[in-house]
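Listed here are the chains, written in short residue letters.
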Amino acid sequence: MSKRNVVRVAVAGAVMAASALTMTTTASAGSNGCVFITFDGSGRPVTQHQSGCVTGTYHMDMFYPGVHDTDGPYTWRAGDVRRKTWERYPARGTKVCAQVWRHNSDGSFTSGGLPCETR
């Protein structure tokens, strides 16, 4: 392998590693877009729809391996805070994610964030 190709491979590897680090940091931050996820004292996931989204109709999903729960559509207005405590008890060490979906007028959905947090 020529010296030029070795440099190209090294640069490509560094770019991929930096991208993976950024994705991991964002996904595990507990807050992403207009969604926040944490756990209450008994280990139940708690999600919060907060500033950052436009007024509209939304629904939220909460999921981890083997579990995918969703709440029904609700109207959210800019500036509101909407908290939900999910009646699930994931095991310690489980990565739990939440995703809020805006309902578009054409029947499609737009994600308003996808944070994950490990219990």
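## Regarding the state of the cysteines
Throughout the structure, instances matching the rule amount to two disulfides. Each sulfur in the disulfide pair Cys34 and Cys53 lies 1.7 Å from the other. Of this pair, Cys34 sits in the loop between β1 (31-32) and β2 (35-39) while Cys53 sits in the loop between β3 (45-49) and β4 (56-64), and the two are 19 residues apart along the sequence. Under the relative-accessibility criterion, Cys34 is labelled buried at 1%. In this model, Cys97 is linked to Cys116 through a disulfide, with the two sulfur atoms separated by 2.0 Å. What sets the handedness of the Cys97 and Cys116 disulfide is the S-S torsion sign, and at about 105° it is right-handed. With Cys97 in strand β8 (residues 95-103) and Cys116 in strand β10 (residues 116-118), this pair connects stretches of sequence that are 19 residues apart.

## Side note on the nonpolar core
One finds Tyr58, Met60, Met62, Tyr74, Val96 and Val100 to be the most contacted residues of the largest nonpolar core, which totals 16 residues. Mapped onto this core, the elements with two or more residues apiece are β2, β4, β6 (74-76) and β8. No other element matches β4, which puts four residues into this core.

What counts and how
Residues numbered from 1 in each chain as written. Predicted model: local features only at pLDDT ≥ 70, side-chain atom pairs only at ≥ 80, totals over all residues. Heavy atoms only, no water. Disulfide = S-S within 2.5 Å. Helix = DSSP H or I, 4+ residues; strand = E, 2+ residues; numbered from the N terminus. Buried < 20%, exposed > 50% of the residue type's maximum accessible area, 1.4 Å probe, protein only. Core = buried A, V, L, I, M, F, W, Y, C linked by side-chain atoms within 4.5 Å.

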